Amino acid sequence: MSETLEYVASAARPDAPPAILLDKVNKWFGAMHVLRDVSLNVAVGERVVVCGPSGSGKSTTIRCINRLETHQEGRIVVDGIELSDDIRALDAIRREVGMVFQSFNLFPHLTILENCTLAPIWVRRMPKREAEELAMEYLTRVRIPEQAKKYPGQLSGGQQQRVAIARALCMKPKIMLFDEPTSALDPEMIKEVLDTMVGLAETGMTMICVTHEMGFARQVADRVVFMDRGEIVEMGTPAQVFENPQTDRLKLFLSQILRGH
Amino acid sequence: MSQTTIDPRLMRAPPKRKLRLSWADERIRGVVWQVLVVGIVGTIVWWLWSNTVHNLEVRKIATGFGFLTREAGLPVAESVIEYSPTDTYLRALTVGLLNTLKVAVVGIVLSTILGTVIGIARLSRNWLVAKLSAIYVEVIRDLPLLLQLLFWYTILQSLPGPRQAMQPVPGVFLSNRGLKLPWLDWQDAHSLALLALLLGAVVTWFYRRQALAKRILDGQPRRIWPVALGAMGALPVLVWAALGAPWTADWPELRGFNFRGGVTVSPEFFALLLGLVLYTAGFIAEIVRAGILAVPQGQWEAAQALGLHPGQVLRQIVLPQALRVIIPPMTSQYLNITKNSSLAVAIGYQDIVSIANTTLNQTGQAIEGIAIIMLVYLTISLSISLFMNWYNARIALVER
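Residues numbered from 1 in each chain as written. Chains lettered and ligands numbered in written order. Predicted model: local features only at pLDDT ≥ 70, side-chain atom pairs only at ≥ 80, totals over all residues. Heavy atoms only, no water.

Moving on, we come to the overall build of chain B. When helices and strands are tallied, chain B shows eleven helices and seven strands. Compactness check: chain B gives a C-alpha radius of gyration of 29 Å against a globular reference of 21 Å for 400 residues, more than 25% above the reference. If you line up chain B on its principal axes, its C-alpha atoms span 95 × 75 × 50 Å. Across the 400 residues in chain B, those meeting the buried criterion constitute 34%. A separation threshold of at least 6 residues defines the contact pool for chain B, and within that pool the share at least 24 residues apart is 65%. Accessible area for chain B stands at about 24700 Å²; split by element, carbon and sulfur atoms hold 67% of it. Measuring between centres, the 34 positive side-chain charges of chain B sit 11 Å from its 21 negative side-chain charges. (Helix = DSSP H or I, 4+ residues; strand = E, 2+ residues; numbered from the N terminus. Rg over C-alpha atoms; globule rule 2.2 N^0.38 Å. Buried < 20%, exposed > 50% of the residue type's maximum accessible area, 1.4 Å probe, protein only. Contact = heavy atoms within 4.5 Å. Areas by Shrake-Rupley, 256 points an atom, 1.4 Å probe, with all protein chains shown as cover. Lys, Arg positive; Asp, Glu negative; His and termini not counted. Charge placed at Lys NZ, Arg CZ, Asp CG, Glu CD.)

Shown next as structure tokens:
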């Protein structure tokens, strides 16, 4: 991975539009300025890891991408579509962007299979049988096809998070957002989820992951973004960011999470 | 994960517990306590019963329900069915029962609608709407229902008399005699058209079910409104037109001191309904709010992130989870409306309690009168409970 990845699209399609473009995005919660001029280009097929202390705006940034939060200033363009108040644009973006949450957010009243087929049937208008075949394919890929008829409450945290990944993939998204996917998991379950994400990265999926898993970042990230107090402080390859931090804020952050590991 | 062979150690039956005749054995204690409680309750019931029978004998009061077939001679102001004072007590009580059912059923429907609207409004992001709903709930819940009923009744009583009646729309009169509305000269054509509408509703319901089932199978959405319009709009109109399209109406007219013709919503019924609906809606609003809040925000977010529209999120994700929190306390509120309707006595609406009271005053059959009231409320309440439990079981969620 070289620096050339930093601002241009993938080498194979240098003039392809970026998968995600954030241009001077600002957001306030009440009077609190939580995102300050956040600008980020993510190329098609690129894997970006966002890290930073809690309250730094990492989650808010990626939640703005599928408009779970609305930004108040700046531009966000996803897959060539600009996010605006236009509901059709929002629908189109949400169909192309999958999201995995820290707390899984599986639907407790639906079986694992139904969790996965719900959106393909109601949003993609896919016949049920086709949706179920697709769901089984992805459940197999995250290695839990045998749980299909169970309910989320019967599964372990790691299994639930893998179902959540399969559920998002069933919409065949072009982009996947991960919001601290392993933070709510016991240590022995973190690996199974990270392995699934590594497998996904190998398929060439465009991914933005908010995570503190340094090993994962080193293994799959094309770029690591460090955020603090609502702004992007440093950005570069994992080697640049982790081995050669430029700012005191990043040095402090790295020393803190390294002590924790 | 399916295992075909089972470890024989897992097949061992649990050991039999030996019954020990000792006060320290919890099963012995359980049996002794239960026998004691049943014995005490039985004794109290027997004592009350024998006392009553003895007192009735001493006072030479005849017991039994023979009085029901005697002429009542009691006037009833409003009735769903034909009634005159020369009818029997049984018919008078039936009129009272129907009046109770009328106010209870209309009250349950209206308070559910109003309560749901206010409950959702209190969750609104609009500051004014949310605050107004909150104030409504807090005020209405804190005032006794009886006071509210008297308040509404007093307001309706202080309306002008029939001669000075307010006439908001031609043919509609509002006075201290109630609300007078024009009504159709009811004919068979109307009954049949109404029947056609019901049939149309059933057809639409089945069609909608089919359409949704098919949509899940092949993914293609189907239009439901053309069928709904045809079955529930065109069909009744056709039936009505085929039978000569009668449309003459019965208009209320002032004759002497009161109105003749049309239909009447009496001030007593209106005050009772208004009081019950406004009061109960305050409680239902809180139940609905609690039910929606019981569904975590993450469920909304996950469903929206998958591309579901707000309506789909509500229908597929939020409502199934909210309803199981809402239904059980809602049942209590429906029972409350039904039982609170007995406060009708205070404002002169002749419900079952009012008529049974008059009956027992006139006949002296107090025990039978009270028994009838209790039987009526028990039957209505149990019916509501059974229906709601059935509905609750139908929507119950399996999660494990």
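The structure having been displayed, the exposition proceeds.
This part takes up the packing of helix α5 (residues 157-169) of chain A against helix α6 (residues 187-202) of chain A. Residue and element names in this part refer to chain A. It is at 8 Å that the axes of α5 and α6 come closest, and there the two elements cross at 20°. Overall, the two elements α5 and α6 adopt an arrangement that is roughly parallel. At the point where α5 passes α6, the crossing takes the right-handed sense. On α6, the residues touching G157, G158, Q159, Q161, R162, I165 and L169 of α5 are M189, E192, V193, T196, M197 and L200. In terms of residue class, the contact of α5 with α6 is built from six nonpolar, five polar and two charged. (Axes fitted to C-alpha atoms, helices over the stretch in contact; angles between N-to-C directions. Parallel < 35°, antiparallel > 145°, perpendicular 65-115°, else oblique. Left-handed = near helix turned anticlockwise from the far one by under 90°. Nonpolar A, V, L, I, M, F, W, Y, C, P; charged D, E, K, R; others polar.)

The next thing to look at is the confidence of the model for chain B. In this model, chain B carries an average pLDDT of 88, and 98% of its residues clear a pLDDT of 70 or more. The ipTM assigned to the predicted complex is 0.89, against a pTM of 0.76. (pLDDT = per-residue confidence, 0-100.)

Accessible area lost upon the coming together of the parts serves often as the stated size of an interface. Contact residues are listed per partner, giving 29 residues for chain B and 32 residues for chain A. Buried surface at the junction of chain B and chain A, summed over both partners, amounts to about 2800 Å²; 61% is from carbon and sulfur atoms. The largest contributions to the chain B side of the interface with chain A come from I216(B), A305(B) and L306(B), which together make up 21% of the buried area. For R63(A), the salt bridge identified is with E301(B), shortest N-O distance 2.7 Å. Remark: the boundary between chain B and chain A carries nine residue pairs in polar contact (both at pLDDT 80 or more). (Buried area = accessible area lost by both parts, 1.4 Å probe. Salt bridge = Lys/Arg side-chain N within 4 Å of Asp/Glu carboxyl O. Polar contact = N/O pair within 3.5 Å; in protein donor to acceptor, adjacent residues only side chain to side chain.)

The next subject is the pattern of salt bridges. Summed over the entire model, instances satisfying the criterion amount to 22 salt bridges over all chains. E46(A) serves as the salt-bridge partner of R223(A), at 2.8 Å between the closest nitrogen and oxygen. Here E46(A) lies in the loop between β2 (32-42) and β3 (47-51) and R223(A) lies in strand β9 (residues 223-228), a separation of 177 residues in the sequence. We note a salt bridge from D25(B) to R27(B), for which the minimum N-O separation is 3.8 Å. Take D25(B): its relative accessible area is 6%, and that puts it in the buried class. By relative accessible area, R27(B) is classed as partly exposed at 30%. A single salt-bridge network, built from bridges that share partners, covers R122(B), E138(B), R141(B), E286(B) and R289(B).

What follows is about α6(A). All names here are of chain A. Its 16 residues give α6 an end-to-end C-alpha distance of 23 Å, which sits within 8% of 22 Å, the value for a rise of 1.5 Å per residue. Among all positions in α6, only M189, I190, V193, L194, T196, M197, V198, L200 and A201 are buried. Those residues of α6 hidden inside the fold are in contact with β3, α4 (128-141), α5, β7 (175-179), β8 (206-210) and α7 (214-220). G204 occupies a position one or two residues after α6 and carries a positive phi of about 90°. (Expected span 1.5 Å × (residues − 1).)

For the rest of this paragraph, the subject is the domain arrangement of chain B. When cut into domains, chain B gives domain 1 (89-177 + 266-395) and domain 2 (186-247). Each of domain 1 of chain B and domain 2 of chain B has a C-alpha centre, and the two are 29 Å apart. (Domains from an automatic or database assignment.)

Residue and element names in this part refer to chain B. Cross-referencing UniProt, the feature "transmembrane region" (unreviewed entry) maps to residues 30-49, 103-123, 135-155, 189-207, 227-249, 269-288 and 370-391 in the present numbering. Helix and strand shares over residues 30-49 are 100% and 0% respectively, and the end C-alpha atoms of the span are 29 Å apart. A helix fraction of 100% and a strand fraction of 0% characterise residues 269-288, whose end C-alpha atoms lie 27 Å from each other. (UniProt positions renumbered as here; feature names shortened; annotations may be inferred.)

Our next topic: the environment of A72(B). Residues and elements named next belong to chain B. The residue A72 is located in the loop between α1 (26-58) and α2 (89-122) in this model. Given the relative accessible area of 7%, A72 is considered buried. Separated by 324 residues in sequence, A72 and A396 place their C-alpha atoms 48 Å apart. Not counting the four nearest positions on each side in its chain, A72 is found in contact with Y83, P85, D87, T88, Y89, A92 and Q362.

For the rest of this paragraph, the subject is a nonpolar patch on the surface. Together, W23(B), V32(B), W33(B), L36(B), I40(B), I44(B), W46(B), W47(B) and L48(B) line one region of the surface with nonpolar side chains, adding up to about 1000 Å² of accessible area. Inspection of the secondary structure assignment puts W23(B) in the segment before α1. (Patch = residues over 30% accessible without salt bridge, like charges linked within 9 Å, V, L, I, M, F, W, Y side chains within 5 Å.)

Before going further, it helps to examine the pairing of β8(A). All names here are of chain A. Among the five residues in β8, five count as buried, and that is most of the element. Burial of β8 is two-sided: the residues T206, I208 and V210 facing one way and the residues M207 and C209 facing the other way are all buried. Pairing geometry for β3 and β8, over four bridges, is parallel. When the bridges of β8 are listed, V50 appears paired with V210. (Pairing = 2+ DSSP bridges.)

Now for the environment of D185(B). Residue and element names in this part refer to chain B. With respect to the helices, strands and loops of the structure, D185 is situated in the loop between β3 (183-184) and α5 (188-218). Judged by its relative accessible area of 37%, D185 falls in the partly exposed class. When the C-alpha atoms of D185 and D250 are compared, they prove to be 5.7 Å apart, with 65 residues separating the residues in sequence.

This part is about unusual backbone geometry. Residues and elements named next belong to chain A. Backbone geometry places N105, a non-glycine residue, at a positive phi of 55°. Locating N105 in the fold gives a position in the loop between β6 (97-100) and α3 (112-122). Of the residues examined, N105 reaches a relative accessible area of 10% and is grouped as buried. You will see that R143, though not glycine, has its phi angle at about 65°, which is positive.

Glancing now at the nonpolar core. Of all hydrophobic cores here, the largest spans 147 residues; its most connected members are L139(A), M176(A) and M207(A). Beyond its immediate sequence surroundings of up to four residues, M207(A) is in contact with E46(A), R47(A), V48(A), M176(A), F178(A), M197(A), L200(A), A201(A) and F216(A). (Core = buried A, V, L, I, M, F, W, Y, C linked by side-chain atoms within 4.5 Å.)

Residues and elements named next belong to chain B. Strand order in this open sheet of three strands is β1-β2-β7, and the pairing throughout is antiparallel. The sheet terminates laterally at β1 (173-175) and β7 (263-265), the two strands that pair on one side only. On average, adjacent strands in this sheet sit at an angle of 20° to one another, irrespective of strand direction. Relative to β7, strand β2 (residues 178-181) is paired through three bridges, and the arrangement is antiparallel. For L181, the partnering residue across the bridge sits in β7 and is V263.

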